[in-house]
Amino acid sequence: STTMLHQGLLHLENIRVLVADKKFSDAQEILSIMEKCAEKGIKELVIICEELSGKALQIVLKNNQAGTFKIAALRGPISTDKKEVYQDVATYLGARVIGDEATSIEEFTTEMLGAVAEIKADTVESYLISGQGSDEAIEARVQAITAAAEKLAPYDRKKLDTRLARLTGGYATISIGAATQKEVDYLRLKIHNAVNATRNAVKYGVVPGGGVALYNCRDISPELIMPFFDIKRNCGNKEDIETWIASLTDVIDSYHSVMTAVHNAISEVGIFITTGVVIADKTTLNTSEEV
């Protein structure tokens, strides 16, 4: 197993996972789990649980620092259907949920652990990649969720659709290469922005790209045409406006990204209005020259 921390990202490979629908604060509970794992030669573990705190957290930190037994803790689901989500995770990993009504912590054995080929996590979200649960168990879980969703109204089955997507969805890895670390960081930020824009497009929809969406709102506010002409000029385009717009048919922007840009611009204008003095280069936009 390898562990890497880079810009807040936790990366683990080929790791065993304990799924626990409970809070860990008692040191003895963690020590018991570590002892049973050590007996089987397991010295690295991920715990997905509701909370890790108190003396249990102190034990984990002490052993991590010493390198005797490494534990990474991920916060489990906190939604109203968390018990079902815990079971989804356990099924995907080939694990058995402990700490719930069915299985107490005293009954824990290493056979209840799941496994995953790769885990990527930060302070916001976690990705479990290539869980070792059996295809049959996962398919049975998917069918059960699908059957339950079909009995509900579209609005009410939103959570079930999310659970299905997590069990059946895929994962893409984008590798970044460059000559220097600064260029790698630069490209990483560009890709990160592109991925976020794509997610927002899926969630909120899209609008015509290339500044066309703002240009179409020129009757509401004439200033909104400026990004359109800036993009047109930066592209070295000398065609008339209608021809240029027609050439952008296949170009789209995330609605949320465009609205965020507008909101940010409004915020900046608000600062200018309430500022006594502003020093800036004098610029003008002559639309007739652009046409």
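The rules behind each value
- Residues numbered from 1 in each chain as written.
- Predicted model: local features only at pLDDT ≥ 70, side-chain atom pairs only at ≥ 80, totals over all residues.
- Heavy atoms only, no water.
- Helix = DSSP H or I, 4+ residues; strand = E, 2+ residues; numbered from the N terminus.
- Rg over C-alpha atoms; globule rule 2.2 N^0.38 Å.
- Buried < 20%, exposed > 50% of the residue type's maximum accessible area, 1.4 Å probe, protein only.
- Contact = heavy atoms within 4.5 Å.
- Areas by Shrake-Rupley, 256 points an atom, 1.4 Å probe, with all protein chains shown as cover.
- Core = buried A, V, L, I, M, F, W, Y, C linked by side-chain atoms within 4.5 Å.
- Axes fitted to C-alpha atoms, helices over the stretch in contact; angles between N-to-C directions.
- Parallel < 35°, antiparallel > 145°, perpendicular 65-115°, else oblique.
- Left-handed = near helix turned anticlockwise from the far one by under 90°.
- Nonpolar A, V, L, I, M, F, W, Y, C, P; charged D, E, K, R; others polar.

Peer 1: I tried to follow the overall build of the protein on my own but got confused; where do I start?
Peer 2: Check the secondary structure of the protein and you find 11 helices and 10 strands. Here the C-alpha radius of gyration of the protein, 26 Å, is well above what a compact globule of 291 residues would show, namely 19 Å. Classification of the 291 residues of the protein by burial places 32% in the buried group. Within the protein, residue pairs in contact and separated by at least 24 positions form 68% of the contacts whose partners lie at least 6 positions apart. Accessible surface, the protein as shown: approximately 18,600 Å² in total, 55% of it carbon and sulfur.

Peer 1: Whenever I open this one, the nonpolar core confuses me. Can you help?
Peer 2: Considering soluble globular proteins, one finds that nonpolar side chains tend to be buried as a cluster. Of all hydrophobic cores here, the largest spans 27 residues; its most connected members are Val17, Val19, Val46, Ile48, Leu93 and Ile119. For this core, the secondary structure elements donating two or more residues are β2 (9–19), β4 (44–49), β6 (70–75), α3 (82–93), β7 (114–121), α4 (135–150) and α5 (158–168). No other element matches the 6 residues that α3 contributes to this core. Setting aside residues no more than four positions away along its own chain, Val17 makes contact with Leu45, Val46, Ile48, Leu93, Ala95, Leu113, Gly114, Ala115, Val116 and Ile119. Ranked by size, the runner-up nonpolar core spans 23 residues in total, among them Ala20, Ile33, Cys37 and Met112.

Peer 1: Explanation requested: the packing of α4 against α5 in the structure shown.
Peer 2: To characterise two packed helices, one gives the angle between the axes of the helices and the distance between these axes. Following both chains from N to C, one finds α4 and α5 inclined at 160°, their axes separated by 10 Å at the closest point. When the axes of α4 and α5 are compared, the pair comes out roughly antiparallel. As for how α4 packs across α5, the hand of that crossing is left-handed. In this structure, α4 contributes Ile138, Arg141, Val142, Ile145, Thr146, Ala148 and Ala149 to the contact, and α5 contributes Leu160, Arg163, Leu164, Leu167 and Thr168. Here the residues of the contact of α4 with α5 sort into 8 nonpolar, 2 polar and 2 charged.

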